[in-house]
Amino acid sequence: MLRLIGLSVSPATERARWALDHAALTYHFEEYLPQITTPWVRLRTRRLFGPISVPILLGPGVNLPDSWDIAQYAMREQPAARLIPREQHNTVEKMNQLSEQIFYAGRILTVKRTLANDAALQEAIPDLFPAALHPRLVPLARNAYRVLRKKYADPRRSDADQLPWLRELLQQVRQQLNGKPFLLDSGFSYADITIIAALQVIRPVQSRHIPLGPASQSCWTCPELAQEFADLLAWRDSAYGEHRYRTFSGQAVLY
Ligand SMILES: N[C@@H](CCC(=O)N[C@@H](CS)C(=O)NCC(=O)O)C(=O)O
């Protein structure tokens, strides 16, 4: 059985889950708790040094540490799902790079807003700790987010420059979509999945899809861009309704 280690709230995990679900590949999902489960993840992935990031897909002969690798694996295992149609591989890869750029720029702003919001820091504390302790664990969450701020920093752009950069990237998405139902002419694909997942940093999808408390939802929102790119967010919301919990052959995916 495949095992996907991930962070439920992370766009990178969401695109790997969606790809596996669409390809009708079953897996056990394991929530990653940064710092807490890191040693155990290092041991099983045989990555004893260097940074660990999720999602990671494990299974017999499978040890894939990146959502793009996982999507390509899903494509190989289930070609009929047409996640990455062979003749459009380059376009899908380009869309994945665009998704990474949106996700990385947006994440810097999300982390910054979270660090300034005690209620969001409290929401970020794992359920593993009794609820009564959460208010007292806020300083711990703040330290964890400071580590993330350092880890995800962009040496090429100031925080203020991330917004115009995001605007430019979203315009590229709009251009590729060009009023069509999907990014590729041939139909729903991993290009849609990866871009849709990254739009989480512009305004989060309903929390029944990705669990975020109200304070965290506001930290994941770029109000300046959410309105300007309401067309992309509406496209994202309708794709969730039609494609998120359905395999390529139309079977329901049960969560
Ligand atoms: N390009 C990678 C990005 C993975 C990534 O950035 N993962 C973050 C989640 S948002 C992570 O593992 N964060 C935990 C940490 O840094 O400790 C992918 O798509 O798999």
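Computed from a predicted structure; not experimentally measured.

Participant: Describe in detail the site of the ligand, supporting the description with residues and values.
Facilitator: Residues in contact with the ligand amount to 16 residues; listed here are only the nearest, Val54, Ser67, Glu100, Arg107 and Lys151. Asp66 places a side-chain nitrogen or oxygen 3.0 Å from a nitrogen atom of the ligand. Its residues placed into classes, the shell around the ligand shows 8 nonpolar, 3 polar and 5 charged. Inspection of the shell around the ligand shows a minimum of three residues originating in each of domain 1 (2-81) and domain 2 (88-243).

Participant: Residues and numbers for the domain arrangement of the protein, please.
Facilitator: One widely used convention gives an interface's size as the accessible area the parts lose upon coming together. By domain assignment, the protein separates into domain 1 (2-81) and domain 2 (88-243). Centre-to-centre separation of domain 1 and domain 2, based on C-alpha positions: 19 Å. Between domain 1 and domain 2, the contact holds 19 residues from the first and 28 residues from the second. Between domain 1 and domain 2 the total buried area reaches about 1,900 Å² when both faces are included, carbon and sulfur atoms providing 69% of it. In terms of surface lost to domain 2, no three residues of domain 1 exceed Arg15, Trp18 and Trp68, which account for 41% of the buried area on that side. The salt bridge partner of Arg15 is Glu100, with a shortest N-O separation of 2.3 Å. In this assembly, domain 1 and domain 2 are joined by 7 residue pairs in polar contact (both at pLDDT 80 or more). For the side of domain 1 that touches domain 2, the secondary structure elements donating two or more residues are helix H1 (11-22) and helix H3 (67-77). Residues that form the side of domain 1 that touches domain 2 fall into these classes: 11 nonpolar, 6 polar and 2 charged.

Participant: Can you break down the side chain of Ser67 residue by residue, with the values?
Facilitator: Tracing the backbone through its elements, the reader meets Ser67 in helix H3. Accessibility expressed as a relative area gives 3% for Ser67, which makes it buried. Among the polar contacts listed, one links the side chain of Ser67 to the side chain of Arg15, at a separation of 3.0 Å. Setting aside its immediate chain neighbours within four residues, Ser67 contacts Ala12, Arg15, Ala16, Pro55 and Tyr190.

Participant: Describe the sheet that holds strand E3 (residues 56-59), naming the residues involved and giving the relevant values.
Facilitator: One open sheet accounts for 4 strands, arranged E2-E1-E3-E4; its pairing is mixed. One side of each edge strand has no neighbouring strand; the edge strands of this open sheet are strand E2 (27-31) and strand E4 (62-64). When strand polarity is set aside, the average angle formed by the axes of neighbouring strands in this sheet is 20 degrees. Both strand E1 (residues 2-6) and E3 contribute to a ladder of 3 bridges, which runs antiparallel. Within E3, the residue paired with Leu4 across the bridge is Leu57. Taken strand by strand, helix H2 (residues 38-45) contacts E1, E2, E3 and E4, and its axis lies near 50 degrees from that of E3. Of the strands in this sheet, E1, E3 and E4 touch H3, which is tilted by about 140 degrees from E4.

Participant: Please provide a residue-by-residue account of the nonpolar core, values included.
Facilitator: With 61 residues, the main nonpolar core has Leu57, Leu83, Ile102, Tyr190 and Ile202 as its most contacted residues. Looking at this core element by element, the count peaks at 7 residues for helix H4 (residues 89-115). When residues of this core are assigned to domains, at least three fall in each of domain 1 (2-81) and domain 2 (88-243). Judged by nonpolar contacts, the second largest core, of 8 residues, contains Leu115, Leu121, Leu137 and Val138.

Participant: Account for H2, with residues named and values stated.
Facilitator: What H2 keeps buried is the set Thr38, Val41, Arg44 and Thr45. Axial view of H2: buried residues confined to an arc of 130 degrees, hence all on one face. Exposed side chains of H2 directed beyond 90 degrees from the buried face belong to Pro39 and Leu43. Of the surrounding elements, those touching the buried residues of H2 are E1, E2, E3 and E4.

Participant: Describe the pattern of salt bridges, naming the residues involved and giving the relevant values.
Facilitator: Evaluated as defined, the whole model comprises 14 salt bridges. Of the charged contacts, one joins Glu30 and Arg3 as a salt bridge, the two residues approaching to 2.6 Å between their closest N and O atoms. Of this pair, Glu30 sits in strand E2 while Arg3 sits in strand E1, placing them 27 residues apart in sequence. For Asp231, the salt bridge goes to Arg174, with nearest N and O atoms at 2.8 Å. One end of the pair, Asp231, is in helix H11 (residues 230-243); the other, Arg174, is in helix H7 (residues 159-177), and 57 residues separate them in sequence. Since its relative accessible area comes to 37%, Asp231 is described here as partly exposed.

Definitions and limits used
Residues numbered from 1 in each chain as written. Predicted model: local features only at pLDDT ≥ 70, side-chain atom pairs only at ≥ 80, totals over all residues. Heavy atoms only, no water. Near = heavy atom within 4 Å. Polar contact = N/O pair within 3.5 Å; in protein donor to acceptor, adjacent residues only side chain to side chain. Nonpolar A, V, L, I, M, F, W, Y, C, P; charged D, E, K, R; others polar. Domains from an automatic or database assignment. Contact = heavy atoms within 4.5 Å. Buried area = accessible area lost by both parts, 1.4 Å probe. Salt bridge = Lys/Arg side-chain N within 4 Å of Asp/Glu carboxyl O. Helix = DSSP H or I, 4+ residues; strand = E, 2+ residues; numbered from the N terminus. Buried < 20%, exposed > 50% of the residue type's maximum accessible area, 1.4 Å probe, protein only. Pairing = 2+ DSSP bridges. Axes fitted to C-alpha atoms, helices over the stretch in contact; angles between N-to-C directions. Core = buried A, V, L, I, M, F, W, Y, C linked by side-chain atoms within 4.5 Å. Arc of directions from axis to C-beta.

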